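# Fold and contact review
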Amino acid sequence: YLTFCASFFSRVAENQTALELHEKGLKIYAQLDSSEGKELMARCYNNMGTEYETLGNYDESLKWHHKCREAFEEIYGDEHENTSVSYFNIGAVLKKMDKNEEVLAMYEKSMAIDPKIKGENHIDVALSQSYIGRVKQATGDYDGAQELFEKSLKIREDTYGDKHPDAAIGYGDLGLLHHMRK
């Protein structure tokens, strides 16, 4: 219930109220002596990281997202979807801080997990390839970006066809890259 209330306050831009509710939830979850309590705490850490990110407090956001990743690794191990998402979330915050090398490391850790659990041709793998390609493009690694954009586009076309909006995103990635190479 507290998580639902916190999510509501987050959506109506009452981030401080949402943070307070997440903190109350954490205190309750910490008293649970179960794997469910640990998972709920990890999700709360993630939510708090997201709230701080929304507020522009990226250092505090990173602290909570790292706690989330550590908790999910403890619960599920280092090759689980929740661990992958945690790496991605850390990368997303680092991107807002213009720390491209660190972003790349986090996105690559996330992408290393996804094919193992979802398969090489899963749309989430294509999304990760696009995100990493965009970081490579931003750092001037156009060849690396192109390789990833092409792989991503292939998965998108194979999954949805060449006339789907997701394929259009892939075409757009490649088009922008070619424009930047001029």
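Structure's up top.
Residues numbered from 1 in each chain as written. Predicted model: local features only at pLDDT ≥ 70, side-chain atom pairs only at ≥ 80, totals over all residues. Heavy atoms only, no water.

### A few points about the overall build of the chain
Along the chain, the regular secondary structure elements total nine helices and zero strands. Shown N-terminal to C-terminal, the secondary structure of the chain runs as helices and strands in the order α-α-α-α-α-α-α-α-α. Its C-alpha atoms give the chain principal-axis dimensions of about 55 × 30 × 30 Å. Looking at the 182 residues of the chain, the share that counts as buried comes to 41%. Intrachain contacts of the chain at a sequence separation of at least 6 include 51% that bridge at least 24 residues. Summed over its atoms, the accessible surface of the chain is roughly 10,000 Å², and 50% of this surface lies on carbon and sulfur atoms. Charge-centre separation for the chain: the mean point of 22 positive side chains lies 2 Å from the mean point of 32 negative side chains. (Helix = DSSP H or I, 4+ residues; strand = E, 2+ residues; numbered from the N terminus. Buried < 20%, exposed > 50% of the residue type's maximum accessible area, 1.4 Å probe, protein only. Contact = heavy atoms within 4.5 Å. Areas by Shrake-Rupley, 256 points an atom, 1.4 Å probe, with all protein chains shown as cover. Lys, Arg positive; Asp, Glu negative; His and termini not counted. Charge placed at Lys NZ, Arg CZ, Asp CG, Glu CD.)

### A look at the state of the cysteines
In the structure shown here, the tally under the stated rule is zero disulfides. Of all cysteine sulfurs in the structure, the one in C68 sits closest to C44, which takes part in no disulfide; the separation is 10 Å. (Disulfide = S-S within 2.5 Å.)

### Describing unusual backbone geometry
You will see that D98, though not glycine, has its phi angle at about 60 degrees, which is positive. Mapped onto the elements of the fold, D98 is located in the loop between α5 (81-96) and α6 (100-118).

### Focus on the pattern of salt bridges
In total, this model carries 16 salt bridges according to the counting rule given. Measuring nitrogen to oxygen at the nearest pair gives 3.0 Å for the salt bridge that ties K96 to E53. With K96 in helix α5 and E53 in helix α3 (residues 35-54), this residue pair connects regions lying 43 residues apart in the sequence. Of the residues examined, K96 reaches a relative accessible area of 46% and is grouped as partly exposed. Judged by its relative accessible area of 14%, E53 falls in the buried class. (Salt bridge = Lys/Arg side-chain N within 4 Å of Asp/Glu carboxyl O.)

### Structural notes on the packing of helix α7 (residues 123-138) against helix α8 (residues 142-160)
Across the interface, α7 lies against α8 with an axial gap of 8 Å and an inter-helix angle of 155 degrees. Looking at the two axes, α7 sits roughly antiparallel to α8. Here α7 and α8 pass one another in a crossing that is left-handed. Residue-level inspection shows I123, V125, A126, L127, Q129, S130, I132, G133, R134, K136 and Q137 of α7 in contact with α8, the latter providing Y142, G144, A145, L148, F149, K151, S152, I155, R156 and Y160. (Axes fitted to C-alpha atoms, helices over the stretch in contact; angles between N-to-C directions. Parallel < 35°, antiparallel > 145°, perpendicular 65-115°, else oblique. Left-handed = near helix turned anticlockwise from the far one by under 90°.)

### Structural notes on the packing of aromatic side chains
Tallied over the full model, the rule gives five aromatic pairs. Chaining the aromatic ring pairs together yields one cluster made of F88, Y107 and Y131. (Phe/Tyr/Trp six-rings, centres within 6.5 Å; stacked < 30°, edge-to-face > 60°.)

### Topic: α3
In an α-helix, one turn spans 3.6 residues; hence positions three or four apart end up facing the same way. With 20 residues, α3 extends 29 Å between its outermost C-alpha atoms, agreeing within 8% with the 28 Å of an ideal straight helix rising 1.5 Å per residue. Considered for burial, the residues of α3 that qualify are G37, M41, A42, C44, Y45, N46, M48, G49, E51, Y52 and E53. Directly after α3, the chain includes G56, whose backbone phi takes a positive value near 85 degrees. (Expected span 1.5 Å × (residues − 1).)

### Re the side chain of S84
Inspection of the secondary structure assignment puts S84 in helix α5. With a relative accessible area of 2%, S84 lands in the buried category. Beyond its immediate chain neighbours, meaning those up to four positions away, S84 contacts S110, I113 and D114.

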